[in-house]
Amino acid sequence: MAFGIRLPRRNNRGQIITLVVITALLTTTLCIIRDVDRPFGGIINIEPTAVTEIDRQGNRRNA
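I will try to describe carefully the structure that is included in this document.

**Notes on the overall build of the protein chain**
1) Next: Assigned secondary structure in the protein chain consists of three helices and zero strands.
2) Next: The secondary structure elements of the protein chain, listed N-terminal to C-terminal, are α-α-α.
3) Next: Buried positions account for 5% of the 63 residues belonging to the protein chain.
4) Next: Split by element, the accessible area of the protein chain, about 6000 Å² in all, is 62% carbon and sulfur.

**Points about unusual backbone geometry**
1) Next: Unlike most non-glycine residues, N11 shows phi in positive territory, near 50°.
2) Next: Since its relative accessible area comes to 77%, N11 is described here as exposed.

**Points about the pattern of salt bridges**
1) Next: Summed over all chains, the structure comprises one salt bridge.
2) Next: Across the pair E53 and R56 runs a salt bridge whose closest N-O atoms are separated by 2.4 Å. Within this pair, E53 and its partner R56 are both found in helix α3 (residues 49-62), separated by three residues, close to a single helical turn.

Definitions and limits used
- Residues numbered from 1 in each chain as written.
- Predicted model: local features only at pLDDT ≥ 70, side-chain atom pairs only at ≥ 80, totals over all residues.
- Heavy atoms only, no water.
- Helix = DSSP H or I, 4+ residues; strand = E, 2+ residues; numbered from the N terminus.
- Buried < 20%, exposed > 50% of the residue type's maximum accessible area, 1.4 Å probe, protein only.
- Areas by Shrake-Rupley, 256 points an atom, 1.4 Å probe, with all protein chains shown as cover.
- Salt bridge = Lys/Arg side-chain N within 4 Å of Asp/Glu carboxyl O.

Any functional reading would require information beyond the geometric quantities listed.
Below, the structure written as structure tokens:
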């Protein structure tokens, strides 16, 4: 935020590009963390079929 406030009024193309890249990287990192934390409800949807199959096999062995 301080970087955005301190941008010069002229000749600031490099600083604006840097600010946009840093913002995009931070947003991407947060989205990846959210997807890893919630694999069945994130942006990348993963079906629970493999987990269900492993659970079924585990229950079959215990019976």
